[in-house]
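# Inside the fold
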Amino acid sequence: QVQLVESGGGLVQAGGSLRLSCTATGSISSIKNMGWYRQAPGKQRELVAIITNNGATDYADSVKGRSTISRDNAKNTVYLQMNSLKPEDTAVYYCNAILSLVGKSADFLYWGQGTQATVSS
């Protein structure tokens, strides 16, 4: 079975930085898009950033210029570097991946369990 495991969340002061990581493990044939989403209390889950298997990226306007998404295809890992953090960045951050499994032709979407990032003012 496939698992996505996030790490790197924590408590940081406003203006600080966090680097989130998410590694996919299991019987994976290939990974297409990987992304980061976040969900703040009382709000819907929203896109933060995505990256394709070719390295093309896209960001939510709220984090553009402050965050960088990257990936290591050899490690099946996606990263999110967040700088100049604001209290409104406080949320549970989830990664996802669109991937194919060994021996199967279809693509599947998997989610991680989330990691909490809290930014104090």
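Whatever comes next refers back to the structure up there.
None of these values were measured; they are calculated from a predicted model.

Further remarks concern unusual backbone geometry. Residues other than glycine seldom take positive phi values, yet asparagine 76 does so here, at roughly 50°. With relative accessibility at 24%, the residue asparagine 76 sits in the partly exposed group. One non-glycine residue, serine 84, lies in positive phi territory at about 50°. Position of serine 84 among the secondary structure elements: in the loop between strand E8 (77–82) and strand E9 (91–101). The exposure class assigned to serine 84 is partly exposed, which follows from its relative accessible area of 43%.

Below, the discussion takes up the pattern of salt bridges. Under the defined criterion, the tally for this structure stands at five salt bridges. With a shortest N-O distance of 2.6 Å, aspartate 107 and lysine 32 are connected by a salt bridge. Highlighted residues: aspartate 107 in strand E10 (residues 107–111) and lysine 32 in strand E4 (residues 28–39), separated in sequence by 75 residues. Classification of aspartate 107 as partly exposed rests on a relative accessible area of 37%. When its relative accessible area of 35% is taken as the criterion, lysine 32 is described as partly exposed. The salt bridge partner of aspartate 89 is arginine 66, with a shortest N-O separation of 2.8 Å. Linking aspartate 89 in the loop between E8 and E9 with arginine 66 in the loop between strand E6 (57–59) and strand E7 (67–72), this pair joins segments that are 23 residues apart in sequence. Each member of the pair aspartate 89 and arginine 66 is classed as buried.

Reading the values: rules and limits
Residue numbers run consecutively from 1 along every chain, following the written order of its sequence. Totals for whole chains, interfaces and linings use every residue, but because this is a predicted model, local features are given only for residues with pLDDT of at least 70 and side-chain atom pairs only at 80 or more, for both listing and counting. Side-chain descriptors were evaluated using all non-hydrogen atoms of the structure, hydrogens and water having been removed beforehand. Burial classification: accessible surface area is computed with a 1.4 Å probe over protein chains only, and a residue below 20% of its type maximum counts as buried, one above 50% as exposed, and the rest as partly exposed. Strands are runs of DSSP state E lasting at least 2 residues, helices are runs of H or I lasting at least 4, and numbering of each runs from the N terminus. Salt bridges are counted wherever a side-chain nitrogen of Lys or Arg sits within 4 Å of a carboxyl oxygen of Asp or Glu.

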